[in-house]
Every structure is written in structure tokens, then in C-alpha cells.
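Residues per chain are reported as follows:
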Amino acid sequence: MLGRILAWVATIVIGLALGAGSAWWALQAGHGGFMQHMGQWSWSRETGSTGAGPYTRAVIARDGLLALSADEALYLNLDHDENNKALREDCVYELAGGSIPARWWSITLYAPDNYLAQNNDAAYSIDSTHIDADTPWTARIAPVRGEAAHWISSRAARRGYSLTLRAYNADEGFPADASVLPTLRTISCPDTAP
Amino acid sequence: MSEARTYVVAGLLIAIATHFAIVFGIPRVMMHGAFDRVSAHSAHTNEWNEAPRVTAASRTIVRPSPDLHYDACAYDLSHGPVVMRVAAWPNYWSLSLFADNSDNFYVLDDREAHEGAEVTLIRAGHEHPKDAARVVESPSDRGIALVRRLAPTQSDWDAAHTASAHDVCAVLH
């Protein structure tokens, strides 16, 4: 009798573990399955959509709850440098862009926990109200501003942070090609020759 | 069926049920948590709750924009339709509605409503109130309404704070 009880307990525990593990794996591995990619950026048009599938909806709820649907705003993410390495607080990057075809856009840095980095630099983002959007522009992504005209502070962002480009009321079909998206390049890293 | 096979089948059924319970449950659990935070544990439903200006200390909703002013209303239609009014704002603003499964089922912005807007929210399938100009059907009794106003500077944010004082989120009487 005791053996049968233990067998049922083991069956339930293993079943729960398998179910939870497979769900976690599906949401991690499946994250890339519904994303679109262009240049260094990736995004999903299913964000907020009433037509999103259950896996997409779960990932968006976890990583971007209350995000607007793609008809209103597109959220594009960048989390690797030009060498496909994770972004690091101790590196200095330059973001270069030009005109982005949207009524308003911003680029914000988020720490790996999906919140703003824990610093008091008040340099969380850049946005089109502060940049001459019709001419080429650059922004420094680094723990200190230096001489940069535009700066997003990565202080306390640790390793694995990301940048989110919000494009509100973007032109239809945005992004048409990679040329309308900013590009990131590494200026220096402690273990990389300048 | 042998006893061993019974355990294997039972284990697989439990695994499948757990898998789908988690996948389908995550959006509702996340929304329930957000509803709780916005409404202070349901003490402030059907009213706008202004979020403080977004800083590194902001932890209510993931990935907040520091360039926007946010007002959130945790709506509950169990007592009837809810009317939402949004005062005009000279720059980008939007009213977005999210069902309890996190779907963004409605958005209205300043391109369509330059002078501000009034929306009457009802449960899907219920009778539309008379004289309500813009009626929106919610797929769930509970959800979250969010007003975003573009406010990248402190002075913009202060102005948005003043404008938002005229916003309304209340049960329709």
C-alpha cells in the first residue's frame, strides 16, 4: 500500500515537473519563433494583438505587459552588439541613426530585469523631440557621458541589457529596410582592443 | 493496462495539463498582478491612478517609458458600464484598453480624437447605453485602461499631470 502511494506521489511530482519544464522551455525557445529580425533589431507584430497565439501572448505578458498593438506602436529590441555579443555595462557603444519614419520615437535602455537601470543619471533614453530627426545623429551608450551630445547611461545596467526602440504611429510597413533603423557599434570594451 | 503503464499515462496527462495551465495562465496571472497594483488591491477600481514620473525606481509595470506620462484605470464592469474621458493634450496621447488576458483590444489616439475623447466601456454582448457616443465592448469584466501622454521633460510631465486631472474613469450612472 505504501509503495503504491509513493508511486502516485512520484507520478504527480514528475508530471508537474515535466509540464512546468516544457512550458518554460517553450516560452524561452519559442521567443525567437514569432520575432521578426532586421539588422540588429527584432520585434513582433503580434504584441498586444487579439489574434496572438497562446505562447506569443504568454511571452509578451511576461516581457512587455500593457504594450500597445502594432497598429499603434512598434517595439523593436536590440540586445547584441555587431559581433553578436551581449551588451555590457563596462563597454562603450555608439548608436548611429537618421530619420525614423514615425510620428514619435524613442530609444530606452532596460536592465536584464526589464526595468530601467538602477542609476540616477536621468539619461534613460533619447527621443525624437530632442534630436534633429532629419539629419544623421549619434548617441553614446556608456556608463559616463564624456563629450557626447546624446547619451544613454548604461551605469548599473550590468551584462545583458537591451535597447528598445518605440516607434509610435510609424509609417505603414515600417521598418521597410535596415537603413531606417539605427546601428550599434562597439567603441571599446575592457577585453577588446579599441 | 499494467500498473506501470497507468503511472506513465497519468504522469503524461498531468504534464500536459500543467504545461497548458502555465502557458494560458501566465497572461491572466500577470494581468491580475497589474490590476492589483494599479487598483491598490481593488480599493481604487474605476478611477484613474496616476503613475509617478518614470525613474529607475519605477517597478509597477515592466519596460516603462521615461518619456511618457501614464494614467491607469483598473476597470471592473460588474457594476455596469464604465465611462472614460480623456482631456485633450497638445502632443501624442492614446487611450488603450487591455482585457484580463492582456490583449490590447482597443486604442484611440489624438489623430482620431484631437480634442480629447469620451468612451463608454461595456461587457461584450451587453446592451449599449443610450446617448453614449463611442461604445467599446470589453471581452472581460475586468481589465486595465491606460492613457499615455508624450511628456519627455519634467515641465511636460507637470503639464500632463495638470491635464490628467480632468480625466474621468467612473461607473456610468
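In case you missed it, the structure is sitting above this.
So, a few notes on the structure that sits alongside this text. All of these numbers come straight from a predicted model, not from anything done at the bench. All chains use their own residue numbering, which begins from 1 and follows the written sequence. Numbering of ligands from 1 and lettering of chains from A proceed in the order in which they are written. Side-chain atom pairs in this predicted model are given and counted only at pLDDT of 80 or more, local residue features only at pLDDT of at least 70, and totals for whole chains, interfaces and linings cover all residues. The basis for every side-chain value is the complete set of non-hydrogen atoms in the structure, without hydrogens or water.

**As for the overall build of chain B**
The helix and strand labels rest on DSSP assignments: H or I over at least four residues marks a helix, E over at least two residues marks a strand, and numbering proceeds from the N terminus. In terms of helices and strands, chain B carries 2 helices and 9 strands. When we talk radius of gyration, it's over C-alpha atoms, and the globule rule is simply 2.2 Å times the number of residues to the 0.38. Taken against the 2.2 N^0.38 rule, which gives 16 Å for 173 residues, the C-alpha radius of gyration of chain B at 20 Å runs more than 25% over that of a compact globule. The C-alpha extent of chain B, read off along each of the three principal axes, is 70 × 45 × 30 Å. Each residue is placed in one exposure class: buried if its accessible area under a 1.4 Å probe, protein chains only, is under 20% of its type's maximum, exposed if it is over 50%, and partly exposed if it falls in between. Considering chain B as a whole, with its 173 residues, one finds that 52% of them fall into the buried category. Here, two residues are considered to be in contact whenever any of their heavy atoms come within 4.5 Å of each other. Counted over contacts in chain B with a minimum sequence separation of 6, partners at least 24 positions apart contribute 69%. Here chain B displays about 8000 Å² of accessible surface, and carbon together with sulfur accounts for 57% of that area. Each charge class in chain B can be summarised by its mean position, and for the 14 positive and 21 negative side chains these summaries are 6 Å apart. Computed by Shrake-Rupley with a 1.4 Å probe, the accessible areas treat only the displayed protein chains as cover when residues are assessed. In this tally Asp and Glu are treated as negative and Lys and Arg as positive; neither His nor the chain ends contributes. To locate a charge, the coordinates of NZ of Lys, CZ of Arg, CG of Asp or CD of Glu are taken.

**Here we look at the layout of surface pockets**
Approximately 400 Å³ is the volume attributed to the second largest pocket. Buried and open spaces are told apart on a 1 Å grid over the protein atoms alone, a cavity being a set of points where a 1.4 Å probe fits but cannot get out and a pocket being an open set with protein on both sides within 12 Å along at least five of seven lines. Residues with an atom within 4 Å of a point are the lining residues. Lining of the second largest pocket is provided by 21 residues; of these, A122, A123, Y124 and S125 of chain A together with P152 of chain B occupy positions nearest its centre. At 3 residues, the largest contribution of residues to the lining of the second largest pocket is made by strand 7 (residues 125-127) of chain A. Three classes are used: nonpolar for Ala, Val, Leu, Ile, Met, Phe, Trp, Tyr, Cys and Pro, charged for Asp, Glu, Lys and Arg, and polar for all others, with Gly counted as polar. Per-class residue counts for the lining of the second largest pocket are 10 nonpolar, 6 polar and 5 charged. Grid points are joined across faces, edges and corners, and a volume is the space filled by probe spheres set on the points.

**Quick look at the sheet that holds strand 2 (residues 68-76) of chain B**
All names here are of chain B. Strands are labelled as partners when DSSP assigns at least two bridges between them. Read from one edge of the open sheet, 5 strands run 1-2-8-4-5, paired in antiparallel fashion. In this open sheet, the two edge strands, each paired with only one partner strand, are strand 1 (48-50) and strand 5 (104-109). For this sheet, the mean inter-axis angle between neighbouring strands, taken without regard to orientation, is 20°. Here strand 1 runs beside strand 2; their pairing, made up of 3 bridges, is antiparallel. Among the inter-strand pairings, E50 is bridged to a residue of strand 2, identified as D71. All axes here are fitted lines through C-alpha atoms, helices being fitted over the stretch that makes contact, and every angle between N-to-C directions spans 0 to 180 degrees.

**Focus on the pairing of strand 8 (residues 142-150) of chain B**
Both faces of the sheet carry side chains from a regular strand, because those side chains alternate between them. Residues and elements named next belong to chain B. With 8 of 9 residues buried, strand 8 lies mostly within the body of the structure. As judged from the 9 bridges shared by strand 2 and strand 8, these two strands associate in the antiparallel manner. Across the sheet, the residue bridging to D76 is R142, located in strand 8. Pairing of strand 4 (residues 93-99) with strand 8 involves 7 bridges; the strand directions are antiparallel. Residue pairing in the sheet places W93 in a bridge with R149 of strand 8.

**What about unusual backbone geometry?**
The omega angle of the peptide bond from F174 of chain A to P175 of chain A is -5°, so this bond is cis rather than trans. Take P175 of chain A: it is sitting in the loop between strand 10 (159-170) and strand 11 (183-188). The phi angle at H41 of chain B is positive, at roughly 60°, despite the residue not being glycine. Tracing the sequence through the fold places H41 of chain B in the loop between helix 1 (3-38) and strand 1. When its relative accessible area of 64% is taken as the criterion, H41 of chain B is described as exposed. Of note, the phi angle at S42 of chain B is positive, near 70°, even though the residue is not glycine. S42 of chain B sits in the partly exposed class, given a relative accessible area of 32%.

**Describing the environment of R145 of chain A**
Residue and element names in this part refer to chain A. With respect to the helices and strands, R145 occurs in the loop between strand 8 (137-142) and strand 9 (151-153). Looking at R145, the relative accessible area reads 39%, which means it is partly exposed. Considering only alpha carbons, one finds R145 and Q36, 109 residues apart in sequence, at a separation of 32 Å. Those residues in contact with R145 that sit more than four places away from it in its chain are R140, H150 and W151.

**Structural notes on helix 1 of chain B**
All names here are of chain B. Here the expected span of a helix is defined as 1.5 Å times the quantity of residues minus one. The end-to-end C-alpha distance of helix 1 is 51 Å, a good match for the 52 Å that 36 residues give at a rise of 1.5 Å each. Two axes are fitted around each residue, one to the seven residues ending there and one to the seven starting there, and the angle between them is reported as the bend at that residue. Along its length, helix 1 shows its largest kink, about 45°, at G25, and proline P27 lies within four residues downstream of that point. Just downstream of helix 1 lies A40, where phi reads positive at about 50°.

**Some points on the environment of Q40 of chain A**
All names here are of chain A. If you trace the backbone, Q40 turns up in the loop between strand 1 (36-38) and strand 2 (41-43). Residue class for Q40 comes out partly exposed when judged on its relative accessible area of 23%. With 131 residues separating them along the chain, Q40 and D171 place their C-alpha atoms 20 Å apart. Those residues in contact with Q40, other than ones at most four positions away along the chain, are N77, L78, H80, D81, E82, P182, T183 and L184.

**Looking at the environment of L66 of chain A**
The topology assignment puts L66 of chain A in the loop between helix 2 (54-64) and strand 3 (73-78). Taking the relative accessible area as the measure of exposure, L66 of chain A reaches 4% and is therefore buried. Distance in space between the C-alpha atoms of L66 of chain A and D79 of chain A is 21 Å, their sequence separation being 13 residues. Excluding residues within four positions of it along the chain, L66 of chain A makes contact with M31, I61, F98, I144, L146 and R148 of chain B.

**Quick look at the interface of chain B and chain A**
Opposite the 50 residues of chain B that make contact, chain A presents 55 residues. Of the roughly 4500 Å² buried where chain B meets chain A, counting both sides, 63% is carbon and sulfur surface. The salt bridge definition used is simple: a Lys or Arg side-chain nitrogen within 4 Å of an Asp or Glu carboxyl oxygen. Across the pair D110 of chain B and R103 of chain A runs a salt bridge, and its minimum N-O distance is 2.6 Å. In the analysis that follows, any N or O atom pair within 3.5 Å is treated as a polar contact, provided that within protein one partner can donate a hydrogen and the other can accept it, and provided that, for residues neighboring in sequence, both atoms belong to side chains. Summed over the shared surface of chain B and chain A, the result is 21 residue pairs in polar contact (both at pLDDT 80 or more). Contributing elements (two or more residues each) for the side of chain B that touches chain A: helix 1, strand 4, strand 5 and strand 8 of chain B. Element by element, the count of residues in the side of chain B that touches chain A is highest for helix 1 of chain B, at 18 residues. Of the residues contributing to the side of chain B that touches chain A, the split by class is 28 nonpolar, 13 polar and 9 charged. When two components associate, each loses some accessible surface as probed by a 1.4 Å sphere; the sum of these losses over both components is called the buried area.

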